[in-house]
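# Topology and contacts: notes
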Amino acid sequence: MPGTGPMLLALHGIGASKGIAIGKVYMVERGHLDVQEKRLPKPRVEAEVRRFRNALGAARKELEAVKDRIPEEAGPEIAAFIDTHLLMLEDAALSSEPVRHIRELRCNAGWALKLQRDALVAVFDAMEDPYLRTRRDDVNHVVDRVQRILTSGRRRRTQVMPVKGRIVFADDLTPADTVLMQHQGVLAMITEYGGPTSHTAILARSLRIPAVVGLHDSRPYLRNDETVIVDGREGVVLVNPGRETVRHYRRLASQLERKQGALLKLKKAPAVTADGESVVLQANVELPSDVELVGQVGAAGVGLYRTEFLFMNREVPPDEEEQYAAYRQVAGAVPGAPVTIRTLDLGADKQVDGSRPGAPTTSNPALGLRAVRLCLKEQSLFKPQVRAILRVAAESPVRMMIPMLATTQELAQVLQIVKDCGRELAAEGRAFDARIPIGAMIEVPAAAVCADIFARRLDFLSIGTNDLIQYTIAIDRVDDEVNYLYDPLHPAVLRLIQITIRAGQKAGIPVAMCGEMAGDSRYTRLLLGLGLKEFSVHPNALLDIKHVINESHVGEMRKLTARLMRTAKTVSRDALMDEMNRTLDL
Ligand code: PEP
Ligand code: MG
């Protein structure tokens, strides 16, 4: 089987969370996708047959690519193992029978394939021969591959796994998986799929779990309990490292820690540029327990509290009282400092449970019923949160932030709900803040273009670059295949950021940035040059960003940024970025 003998192998992916981990692998088995039956109208049947055949073709290409990447030293058994899967794809049992089901039952391809898988597995199960059992596993692997291509969906997996002190390898992890595994003491995470600004990656960074994503087709090269080194900075996983390599990485890990230690000296220093401009530097929080970190790095408040994580890994959503307690905990951890609570942003890649609102019902969930859209539709989910936030605001400087606003109608509806909740609370005699500052995330291009309209009606704006980039360049933030196109420096993105900052300035309201771009020190000077005065970043990046701010001259950055905004050429743009960052050790 793959990986025989102590051969050093380097697997390359995308570094999603910095840090180095050395440990033993725990392989998460591929689960079966949860496929639902759909009846098709007659005219769509042949298109579904074509879709199925295309998926078979894509699966074949994937397997051939795996075969091409097998190292020569790996031995013939690995190629034979992949050939078996290729042959299965050709077999009538998997290529023709599902087509018959699609036509006869007029059902979706995924369902037809599932029926055929169930039939084949039942036959193998009845045989009880160990060799045939292996063939049954092969059927499952091949069918999973095709199902994944058909749905591009993500399966749910919530069972407890023995991941303590180990490096988890999975095809993909959801944010809910990530939180669970952190609780179970996982050392690092490596996945075949996923992008660096996915919510899973963001969580991994905030939980300080080194992570590498997008390690395509690496499953055959890893085995349970094998030692690997995960280098989350470079996006590399080393399999079977020798003693020298391990020693080298241990040294690197302690150097990183020392650098972090040196930055800690900046904890109490103000965030002020070299030419005297003050900058507000706040932290992003995913879980109430993260606020400990916020205090440790001396953040000037919380610029983004992603409340949706409170709703994950549970059957019933938290009620108003539980939310009130959680929000109080966060506000109490940074006494006197502002805390920006973002209302629920469930949907797309942040699912709580397939049976509740927010489950993936469309093929394009990032454009579907997500965030404020879901909240306005499911007001029983939204109102307890609004009430809890209003109540906490009576006690501490809390702000409310709405994600994914795209239209002024949505804003009007939200403001009405806030008013209604205030009235209810008043009638119940509960304390609340009727004048709570309400702001919006600018993360949909339509909202950025119309930022002036929103700015007139709101108390603050915060730019969510993770989604703004996704929607502007049409790049799925969780899809590592198109990650190379995910470019914060795309002129369209920079123009939208500039439009938003200017709209805020004109309306006299603050504009922050809370997307991952704000926490990447390569862009700090550019953002200062664009006029950004408020950054909200994950606590682990905060001191690094403060260091850059303190070492920057905004006046100079403005000039360089103005030149960069005029240039159309990528080379000139890169040269200007280099010039901006010249004096930095990035
Ligand atoms: C963003 O989109 O940039 C953002 C901060 O929100 P999230 O990453 O939670 O979608
Ligand atoms: Mg967002």
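Because the structure is predicted, anything quoted here is derived from the model rather than measured. (Residues numbered from 1 in each chain as written. Chains lettered and ligands numbered in written order. Predicted model: local features only at pLDDT ≥ 70, side-chain atom pairs only at ≥ 80, totals over all residues. Heavy atoms only, no water.)

### Overview of the site of ligand 1
Neighbouring residues of ligand 1: 17 residues in total, closest Arg306, Arg342, Gly464, Asn466 and Arg477. A distance of 2.7 Å is found between an oxygen atom of ligand 1 and a backbone nitrogen or oxygen belonging to Asn466. At a separation of 2.9 Å, an oxygen atom of ligand 1 approaches a polar side-chain atom of Asp467. Considering ligand 1 on its own, with 290 Å² of exposed area, one finds that the protein chains cover 100% of that surface. (Near = heavy atom within 4 Å. Polar contact = N/O pair within 3.5 Å; in protein donor to acceptor, adjacent residues only side chain to side chain. Areas by Shrake-Rupley, 256 points an atom, 1.4 Å probe, with all protein chains shown as cover.)

### Here's the deal with the coordination of the magnesium ion (ligand 2)
Around the magnesium ion (ligand 2), the donor atoms from the protein are Glu443 (OE) and Asp467 (OD), and they sit 2.0 to 2.1 Å away. With Glu443 in the loop between β13 (438-442) and α15 (445-449) and Asp467 in helix α17 (residues 465-473), the pair connects residues that are 24 residues apart, well separated along the chain. Considered together, Glu443 and Asp467 belong to a single accessibility category, that of buried residues. (Donors = N, O, S within 2.8 Å, 3.2 Å for Na, K, Ca; no water. Helix = DSSP H or I, 4+ residues; strand = E, 2+ residues; numbered from the N terminus. Buried < 20%, exposed > 50% of the residue type's maximum accessible area, 1.4 Å probe, protein only.)

### Observations regarding empty space enclosed by the protein
Under the criterion given, the structure shown has four cavities of 30 Å³ or more. Estimated volume of the largest cavity: approximately 70 Å³. In this structure, the largest cavity is lined by His199, Leu304, Arg306, Arg342, Met441, Glu443, Gly464, Asn466, Asp467, Arg477, Cys514 and Gly515. Elements with a minimum of two residues in the lining of the largest cavity: β10 (302-306) and α17. Grouping the amino acids of the lining of the largest cavity by side-chain chemistry returns three nonpolar, four polar and five charged. (1 Å grid on protein atoms, 1.4 Å probe; cavity = no way out; pocket = protein on both sides within 12 Å on 5 of 7 lines; lining within 4 Å. Points joined across faces, edges and corners; volume = space filled by probe spheres on them. Nonpolar A, V, L, I, M, F, W, Y, C, P; charged D, E, K, R; others polar.)

### A short note on the nonpolar core
One recurring pattern in soluble globular proteins is that nonpolar side chains are buried together. Ile497 and Phe535 are the most contacted members of the largest nonpolar core, which totals 103 residues. Per element, the largest residue contribution to this core is eight residues, and it comes from helix α13 (residues 379-393). In this view, Ile497 contacts Ile463, Thr465, Leu468, Met513, Met517 and Leu530; residues no more than four positions away in its chain are not counted. Residues Val45, Ile102, Ala109 and Leu113 belong to the second largest nonpolar core, which totals 28 residues. (Core = buried A, V, L, I, M, F, W, Y, C linked by side-chain atoms within 4.5 Å. Contact = heavy atoms within 4.5 Å.)

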